[in-house]
Amino acid sequence: MMAGLSRTVFTGGVVAPRTSVLGLFRVSKVAGPVSKCSRVKTLVTSAAQKNTNTEYVIVGGGNAAGYAAKAFVENGAAEGKVCIVAKENVAPYERPALTKAYLFPVDKSPARLPGFHTSVGGGGERQTPDWYKEKGIEVLYGTEVTGLDIDKQSLTTSSGDTISYNKLIIATGCTASRLPEKIGGSLRGVHYIRDVADADQLVAALQSAKKVVVIGGGYIGLEVSAAVSAWKLDVTVVFPEQHVMPRLFTPTIAAHYEELYKKNNVKIIKEVSVVKLKSGANGEVDGVELTDGTTLDADLVVVGVGARPVVAPFLDAGLKSEAGAIEVDGMFNTSSPGVYAIGDVAAFPLKIYDRRTRVEHVDHARKSATHCVESLVKGKTEAYDYLPFFYSRVFEAPGSERKVWWQFYGDNVGECVEVGNFDPKYAAFWIESGRVKGVFLESGSAEEFALLPKLARQQPAIDIPALKSADSVETALQIAQEALGKQKVATV
Ligand SMILES: Cc1cc2nc3c(=O)[nH]c(=O)nc-3n(C[C@H](O)[C@H](O)[C@H](O)COP(=O)(O)OP(=O)(O)OC[C@H]3O[C@@H](n4cnc5c(N)ncnc54)[C@H](O)[C@@H]3O)c2cc1C
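The structure contained in this document is the topic of the report that follows. Just so you know, these numbers come straight off a predicted model, no measurement behind them.

## Regarding the overall build of the chain
Step number 1: For the chain, the count of helices and strands is 9 helices and 28 strands.
Step number 2: Residues counted as buried form 50% of the 492 residues belonging to the chain.
Step number 3: Nonlocal contacts in the chain, meaning residues at least 24 apart in sequence, comprise 65% of its contacts between residues at least 6 apart.

Right, here's the structure in full:
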C-alpha cells in the first residue's frame with residue numbers, strides 16, 4: 001500500500017494516527033530530481049562472474065521484476081540483455097494471490113503456480129520459466145544479492161559469486177514485519193506471509209489447525225482471515241485500531257465489512273495489542289496474550305503487521321535513502337547514475353499530489369517497472385505520474401454466499417459522502433474544496449469501476465447536496481458522471 005514517506009498501510013499491530021491512506025509523513029515539496037543516468041562504465045567481467053546477460057540486471061524476481069521483463073520483451077530489448085537475480089526459487093508471480101485464492105481449502109481448487117505467474121494479473125502472457133528462456137532472459141533462481149559495488153558495477157551474492165551489470169534495476173520489494181522474538185514472534189506455529197514458501201507453510205499448518213488468531217486488521221489480516229474462514233476453523237482477528245483498514249475505511253465502511261466477517265464466523269477484537277505469544281509444552285504457540293488482560297487460545301497465529309522495504313545492501317553501498325526506502329526521481333533514477341529502483345522499495349515523487357511517497361501495491365509495481373524500462377530503452381522522458389489505486393477481493397472461495405470486491409482511487413482527504421446499503425453496493429466520495437479527491441466502490445460493475453480513476457484523476461467539481469441525497473449507488477455514480485461531463489464541457 002501507499003506510504004507517503006510513511007509507514008505502510010499494510011499494518012495491523014501498530015496503531016497509526018488517522019490520516020489519508022496515502023501516508024503519514026507528508027513532504028510538501030517534491031525533491032529535485034536525482035541525478036540522471038549519464039555515466040556508464042565499460043564492463044569488466046571477472047572469471048567468477050555468474051551472469052551471461054549483463055546489459056540490464058534486475059535484482060528481485062517479484063512483481064516488479066516480472067513486469068520489467070515483460071516491458072523489455074515488448075520493446076525488443078530482452079534477448080541476451082536481461083538478467084534477473086531472484087532470491088526465490090520460482091519465476092516472478094502475482095504476489096497478491098498468496099492471501100486470496102492460494103489459501104482456499106484444498107477441496108476448493110486453490111491457486112497454485114504456474115497458474116499465477118506474472119503477467120496474468122496485468123492481462124498479459126503467463127511468464128513461466130520457459131517463457132524467460134524463450135525470450136533470452138537469464139534468471140538466476142535462489143540467488144540472494146548481498147553486496148553492491150557501484151564503482152565496479154558489480155553485485156555479490158550470498159554464495160560468493162559476482163554479477164556484473166551495465167544498468168541495475170533494484171526491485172527487492174518488502175519483507176514482512178515480525179513481532180519481536182522476546183514476545184514469541186518466532187515461535188513454531190507463528191506465520192508471516194510474504195512469499196510462496198511462506199504460503200505453503202501456512203497451508204500445511206491449516207490442515208491440522210483448530211484455533212487461528214490473525215494479528216492485524218489491515219490488508220493481510222483481513223484477506224487471510226477471510227480465506228481461512230472457508231476452512232471452517234475458529235478464527236479471531238485482533239488489532240489495536242478502532243476499526244479495520246483504519247487508513248482507508250471510514251468507520252461506516254469498516255462497520256459493513258466487520259459485520260460481514262462476523263457473519264462468516266470470524267471474530268474481531270479491536271483496540272487491543274499483543275503482549276505476548278505464549279508457548280505450550282511442545283514449544284509451539286498456544287495462546288495470544290492481549291493488553292486487555294485476556295489470552296486467546298491459538299494453535300496457529302498469522303501476523304500481518306506491515307512490511308519493510310528491503311534496502312540492504314544497496315543503501316550501504318551509498319544509494320540515497322528516503323524514509324527507509326531507496327530515493328528515486330520521476331524516472332526511477334536513484335542517486336547513482338545507471339542504478340534504478342522500482343516497486344515497493346522505491347520512494348518516488350507522487351506528481352498528482354505534489355509530494356513524495358512509497359507504495360506497496362501491485363499496480364505501482366507494474367506501472368513503475370514499465371515506466372522505468374520504457375525510459376531506459378525507448379527514451380521516454382515524461383516523469384511517472386501515478387494515480388493511487390487500492391483494491392481487495394475476499395470471501396471468494398467457491399460456495400461463498402457473498403463475495404466482496406472493492407476498489408479505491410485517489411486520496412481520501414476532505415469530507416466523505418457515503419452512499420448505499422452494502423447490499424451489495426456501497427460507494428464513498430472524498431471531496432475537498434468542492435472537488436472529488438478520492439472514490440471508493442464495493443461490488444460495482446466493470447463499467448462503474450472504470451469511472452473511478454477518471455473521477456480521481458480529473459477531480460471534477462461535484463454537486464454535494466445532490467450526492468448526499470442520492471438514494472442509490474447508481475444515482476450517485478450518475479451524479480459523478482455528470483460532474484465529469486460538465487468539467488469536460490468547461491475545458492473544451
Ligand atoms: C501476501 C501479500 C498479499 C498482497 N496483496 C495485494 C493485493 O491484494 N493488492 C495489491 O495491489 N498488492 C498486494 N500486495 C502487495 C504487492 O504484492 C506488492 O506491492 C508487490 O509484490 C511489489 O512488487 P515488488 O516487485 O516491488 O516486490 P516483491 O513482489 O515483493 O518482489 C521482491 C522480490 O525480491 C526478492 N529479493 C529481496 N531481496 C533480494 C536480494 N537481496 N537478492 C535477490 N532477490 C531479493 C524477494 O525474494 C522477492 O521475490 C500483497 C503483498 C503480499 C505479501
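## Description of the sheet that holds strand β14 (residues 274-279)
Step number 1: Ordered in space as β14-β15-β16, the 3 strands form an open sheet in which the pairing is antiparallel. Edge positions in the open sheet fall to β14 and β16 (295-297), since each of these has one partner strand only. Across the sheet, the mean angle from the axis of one strand to that of its neighbour is 25°, orientation sign disregarded.
Step number 2: With 3 bridges connecting them, strand β15 (residues 285-290) and β16 associate as antiparallel partners. Bridged to Glu289 within β16 is Thr295.

## Some words on the nonpolar core
Step number 1: The biggest cluster of nonpolar side chains holds 143 residues, and the ones touching the most others in it are Ala68, Ile170, Val301 and Ile342.
Step number 2: Broken down by element, the residue count for this core peaks at 8 residues, all from helix α1 (residues 63-74).
Step number 3: Sequence-distant contacts of Val301, that is, excluding residues within four places in its chain, are made with Gly189, Val190, His191, Val213, Ile215, Leu277, Val285 and Val288.

## Some details on the site of the ligand
Step number 1: Near the ligand you find 36 residues, and of these Gly62, Ala64, Lys87, Gly173 and Gly343 are the closest.
Step number 2: For the shell around the ligand, the secondary-structure elements that each account for two or more residues are β2 (56-60), α1, β3 (82-86), α4 (219-229) and α6 (362-377).
Step number 3: Residue-level mapping places the shell around the ligand at the junction of two domains, with at least three residues from each of domain 1 (5-92 + 127-175 + 308-377) and domain 2 (181-305).

## Focus: α6
Step number 1: Taking 1.5 Å per residue, 16 residues should reach 22 Å; α6 reaches 23 Å between its end C-alpha atoms and fits that length.
Step number 2: Judged by how many residues are buried, α6 sits mostly within the fold: 13 of 16 residues are covered.
Step number 3: In the segment just after α6, Gly379 is the residue with positive phi, at about 70°.

## A few points about the pairing of strand β17 (residues 300-303)
Successive side chains on a regular strand alternate, one facing one side of the sheet and the next facing the other.
Step number 1: Because side chains alternate across β17, one face comprises the buried residues Leu300 and Val302, and the other comprises Val301 and Val303, equally buried.
Step number 2: As defined by bridge partners, strand β10 (residues 190-192) adjoins β17 across 3 bridges and the pair is classed as parallel. Note that in β17 the partner of Val190 across the bridge is Val301.
Step number 3: Here 4 bridges tie strand β11 (residues 211-215) to β17, and the two strands are oriented parallel to one another.

## Examining the sheet that holds β3
Step number 1: Strand order in the open sheet formed by 5 strands is β4-β3-β2-β8-β21, and the pairing between neighbours is parallel. Only two strands of the sheet have a single partner each, and these edge strands are β4 (138-140) and β21 (339-341). Averaged over all adjacent pairs, the angle separating strand axes in this sheet is 20°, with direction ignored.
Step number 2: Bridge count between β2 and strand β8 (residues 167-170): 4 bridges; the pairing is parallel. Note on β8: the bridge partner recorded for Tyr56 is Lys167.
Step number 3: Lying over the sheet, α1 contacts β2, β3 and β8, oriented at roughly 160° with respect to β2.

## Description of the environment of Thr250
Step number 1: Looking at the secondary structure, you find Thr250 in the loop between β12 (234-238) and α5 (251-263).
Step number 2: Thr250 sits in the partly exposed class, given 16 other C-beta atoms within 10 Å.
Step number 3: Setting aside residues no more than four positions away along its own chain, Thr250 makes contact with Cys416, Glu418 and Ala428.

## With respect to the environment of Thr146
Step number 1: Within the secondary structure layout, Thr146 lies in strand β5 (residues 145-149).
Step number 2: Taking the C-beta count within 10 Å as the criterion, Thr146 has 13 such neighbours and is therefore assigned partly exposed.
Step number 3: Taking the C-alpha atoms as reference points, Thr146 and Ala312, separated by 166 residues in sequence, lie 7.4 Å from one another.

## Focus on the environment of Thr162
Step number 1: Relative to the helices and strands, Thr162 is located in strand β7 (residues 162-164).
Step number 2: What makes Thr162 partly exposed here is the crowd of 18 C-beta atoms within 10 Å.
Step number 3: Separated by 111 residues in sequence, Thr162 and Asn51 have C-alpha atoms that sit 8.0 Å apart.

## Side note on unusual backbone geometry
Generally, phi is negative for residues other than glycine and the peptide bonds are trans, each holding for most cases.
Step number 1: Of note, the bond from Leu113 into Pro114 is cis; its omega dihedral lies within 30 degrees of zero at 15°.
Step number 2: Considering the arrangement of structural elements, one finds Pro114 in the loop between β3 and α2 (129-134).
Step number 3: Residue Pro424 is bonded to the preceding Asp423 through a cis peptide linkage, with omega at 0°.
Step number 4: Here Glu271, not a glycine, exhibits a phi torsion of approximately 55°, which is positive.
Step number 5: Mapped onto the fold, Glu271 is located in the loop between β13 (266-269) and β14.
Step number 6: Even without being a glycine, Gln459 presents a positive backbone phi close to 45°.
Step number 7: Structurally, Gln459 can be placed in the loop between α7 (446-458) and α8 (464-468).

## So, the packing of α1 against α6
Step number 1: With their axes 8 Å apart at the nearest point, α1 and α6 run at an angle of 40° to one another. Crossing of α1 against α6: the hand is right-handed. For the pair α1 and α6, the contacting residues are Asn63, Ala64, Tyr67, Ala68, Ala71 and Phe72 in the first and Val362, Ala365, Arg366, Ser368, Ala369, Thr370, Cys372, Val373, Glu374 and Val377 in the second.
Step number 2: Across the contact of α1 with α6, the residue classes tally to 11 nonpolar, 3 polar and 2 charged.

## A look at the pairing of strand β25 (residues 404-410)
Step number 1: Of all 7 residues making up β25, 5 are buried, and the element is well covered by its neighbours.
Step number 2: Strand direction decides the pairing type here: strand β24 (residues 389-394) and β25, joined by 6 bridges, are antiparallel. Paired with Arg393 across the strands is Trp405, a residue of β25.
Step number 3: By the bridge criterion, 5 bridges tie β25 to strand β28 (residues 435-442) in an arrangement that is antiparallel. Its bridge partner being in β28, Tyr409 is matched across the sheet by Val439.

Rules behind the numbers
Residues numbered from 1 in each chain as written. Predicted model: local features only at pLDDT ≥ 70, side-chain atom pairs only at ≥ 80, totals over all residues. Helix = DSSP H or I, 4+ residues; strand = E, 2+ residues; numbered from the N terminus. Buried ≥ 20, exposed ≤ 12 C-beta atoms within 10 Å, placed from the backbone. Contact = placed C-beta atoms within 7 Å. Pairing = 2+ DSSP bridges. Axes fitted to C-alpha atoms, helices over the stretch in contact; angles between N-to-C directions. Core = buried A, V, L, I, M, F, W, Y, C linked by C-beta atoms within 7 Å. Near = placed C-beta within 6 Å. Domains from an automatic or database assignment. Expected span 1.5 Å × (residues − 1). Left-handed = near helix turned anticlockwise from the far one by under 90°. Nonpolar A, V, L, I, M, F, W, Y, C, P; charged D, E, K, R; others polar.

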